[in-house]
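# Structure at a glance
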Amino acid sequence: MAAPAQASQWISSFLAAQAADLGAARNTQLAYGRDLLDFLGFLERKGLQLATAAQGDVEAYLIDCEAQGLSKATRARRLSAIRQLYRFAHEEGWRSDNPALRLKGPGAAKALPKTLSLQEVERLLEAARHKGRSEAERLRNRTLMELLYATGMRVSELVTLPVAAVRGDPRMIMVKGKGDKERMVPLSPPARTALRDWLAHLDAEAEALRKAGKPASKFLFASSGAEGHITRQHFYLLIKDFAVEAGVSPALVTPHTLRHAFATHLLAGGADLMVIQTLLGHADVATTEIYTHVLDAQLKDLVLTHHPLAKPARKP
């Protein structure tokens, strides 16, 4: 097959293949697309082409990224995207080599994930119960937060959850994660109670819609927007409101922070690391192991703060 005339065709074909062959999530595709378009823009400014760029050109781009102050994680991700694009181009016969193959990435800095204490989570859950312009909004907010903390779901998994997945007062629900991989996650009693109340509201709403000749949404957290469900961005803003209401610093609270809290609290309670890996949907246990470091850091802080011998000696 001859090489596409435009470099943008390479990128769009690569992204389409990622979606079809690997089941890459939409957010992953968008991230790859942004990274590759940035690389393409760099080449064009240098008078270079994607089809003929050499290893030195890719290195020059990474140096430029570093000069812009981009983090190690961002630079590593961009190199990964470029390497995968050229691998795809090589497999398609558009190039005879992969100029990014032998380049060593900067390595992502292993910063410990931010988490929350049990008390902070409890305050957030309480705030969600009372935040909302109507009883329906308050019930929805309570259900969102109870589900997020009970299951450790990614926010994208939470907002796209179908009503059918939670019917029948289940003790566990099926969640579709990255690459359409499915996993079972258990529900806590408070989450099940919130779900029962929310479903009762949805059923009453569905009956009213039926009488009006309108279909009910398939999503558990429906919205009138184009996607049909509340968006990740909407929930991100909601959880910031809950933080303000709860007296917890909004800078510390994101949907992903609740996922980290779920994992850290389970580990602190004695849960097996492999179980936590399964619940979070991590492909590699090495990803889950970072929570052991979070727990170690918390224990160290606890000792330094409260152990009598860790405190400075009083002057005589």
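Residues numbered from 1 in each chain as written. Predicted model: local features only at pLDDT ≥ 70, side-chain atom pairs only at ≥ 80, totals over all residues. Heavy atoms only, no water.

This brings us to the overall build of the protein chain. A tally of helices and strands in the protein chain yields 13 helices and two strands. Sequence-distant contacts, at least 24 apart, represent 59% of the contacts inside the protein chain between residues at least 6 apart. Carbon and sulfur atoms make up 55% of the accessible area of the protein chain, which totals about 17800 Å². (Helix = DSSP H or I, 4+ residues; strand = E, 2+ residues; numbered from the N terminus. Contact = heavy atoms within 4.5 Å. Areas by Shrake-Rupley, 256 points an atom, 1.4 Å probe, with all protein chains shown as cover.)

Another aspect to go through is the pairing of strand β2 (residues 182-186). The side chains of a regular strand alternate, first on one face of the sheet and then on the other. Residues Arg183 and Val185 point to one face of β2 and are all buried, whereas Glu182, Met184 and Pro186, pointing to the other face, are not buried. In the sheet, strand β1 (residues 172-176) pairs with β2 via five bridges, with the strands oriented antiparallel. Note on β2: the bridge partner recorded for lysine 176 is glutamate 182. If you look at the hairpin formed by β1 and β2, you'll find five residues sitting between the two strands, and glycine 179 has a positive phi there, around 65°. (Buried < 20%, exposed > 50% of the residue type's maximum accessible area, 1.4 Å probe, protein only. Pairing = 2+ DSSP bridges.)

Quick look at helix α8 (residues 189-211) now. For α8, with 23 residues, the first-to-last C-alpha span of 33 Å sits near the 33 Å given by 1.5 Å per residue. Looking at α8, one finds that the buried residues are Ala191, Arg192, Ala194, Leu195, Trp198, Leu199 and Leu202. On its buried side, α8 packs onto α6 (135-151). (Expected span 1.5 Å × (residues − 1).)

It is worth spelling out the packing of helix α5 (residues 118-130) against helix α10 (residues 255-268) at this point. The geometry of α5 relative to α10 is characterised by a closest axis approach of 11 Å and an angle of 135° between their N-to-C directions. Taken together, α5 and α10 sit at an angle that is classed as oblique. In this structure, the crossing between α5 and α10 has a hand that is left-handed. Taken together, the residues of α10 that come into contact with α5 (itself represented by Leu118, Val121 and Leu124) are Leu258, Ala261 and His265. Residues belonging to the contact of α5 with α10 are distributed by class as follows: five nonpolar, one polar and no charged. (Axes fitted to C-alpha atoms, helices over the stretch in contact; angles between N-to-C directions. Parallel < 35°, antiparallel > 145°, perpendicular 65-115°, else oblique. Left-handed = near helix turned anticlockwise from the far one by under 90°. Nonpolar A, V, L, I, M, F, W, Y, C, P; charged D, E, K, R; others polar.)

Looking now at the side chain of glutamine 84. Along the chain, glutamine 84 falls in helix α4 (residues 72-92). Residue class for glutamine 84 comes out buried when judged on its relative accessible area of 14%. Setting aside anything within four residues of it in sequence, one finds glutamine 84 in contact with Phe14, Gln18 and Tyr32.

Bringing the nonpolar core into the picture now. Ranked by size, the top nonpolar core spans 48 residues in total, and within it Leu124, Met145, Leu147, Leu220, Phe235 and Leu258 carry the most contacts. The set of elements that each furnish at least two residues to this core consists of α5, α6, α7 (155-159), β1, α8, α9 (232-246), α10 and α11 (273-280). If we skip the residues at most four places from it in the chain, phenylalanine 235 touches Leu144, Met145, Leu148, Val155, Leu158, Val159 and Pro255. Leu36, Leu43, Tyr61 and Ala81 belong to the second largest nonpolar core, which has 27 residues in total. (Core = buried A, V, L, I, M, F, W, Y, C linked by side-chain atoms within 4.5 Å.)

Time to look at a nonpolar patch on the surface. Among the surface-exposed residues, Met172, Met174 and Met184 lie close enough to one another that they form a single nonpolar patch of about 260 Å² accessible area. Tracing the backbone shows methionine 174 in strand β1. For methionine 174, a relative accessible area of 38% translates into the label partly exposed. (Patch = residues over 30% accessible without salt bridge, like charges linked within 9 Å, V, L, I, M, F, W, Y side chains within 5 Å. Salt bridge = Lys/Arg side-chain N within 4 Å of Asp/Glu carboxyl O.)

Next up on the list: the pattern of salt bridges. As enumerated under the stated definition, the model contains 17 salt bridges in all. The partner of arginine 78 in a salt bridge is aspartate 35, and the shortest N-O contact between them spans 3.4 Å. Taken together, the positions of arginine 78 in helix α4 and aspartate 35 in helix α2 (residues 26-45) put the pair 43 residues apart, joining distant regions of the chain. With a relative accessible area of 2%, aspartate 35 lands in the buried category.

A separate point is helix α3 (residues 55-67). In an α-helix, one full turn covers 3.6 residues, which means residues spaced three or four apart are oriented alike. If you check α3, its first and last C-alpha atoms are 19 Å apart, about what 13 residues at 1.5 Å a residue would give, namely 18 Å. By the burial criterion, the buried members of α3 are Asp57, Val58, Tyr61, Leu62 and Cys65. Seen from one end, α3 has its buried residues packed into an arc of 140°, which puts them on one side. Among the exposed residues of α3, those pointing more than 90 degrees away from its buried face are Ile63 and Ala67. Elements that come into contact with the buried residues of α3 comprise α2 and α4. Positive phi appears at glycine 69, one or two residues downstream of α3, with a value of about 85°. (Arc of directions from axis to C-beta.)

Moving on to the side chain of arginine 140. On the secondary structure map, arginine 140 appears in helix α6. Of the side chains with opposite charge, glutamate 137 comes closest to the buried, unpaired arginine 140, at an N-O distance of 4.7 Å. In this structure the side chain of arginine 140 is engaged in a polar contact, spanning 2.9 Å, whose partner is the side chain of asparagine 141. If near-sequence neighbours (up to four positions away) are discounted, arginine 140 is found in contact with Trp198, Phe221, Ile230, His234 and Leu238. (Lys, Arg positive; Asp, Glu negative; His and termini not counted. Polar contact = N/O pair within 3.5 Å; in protein donor to acceptor, adjacent residues only side chain to side chain.)

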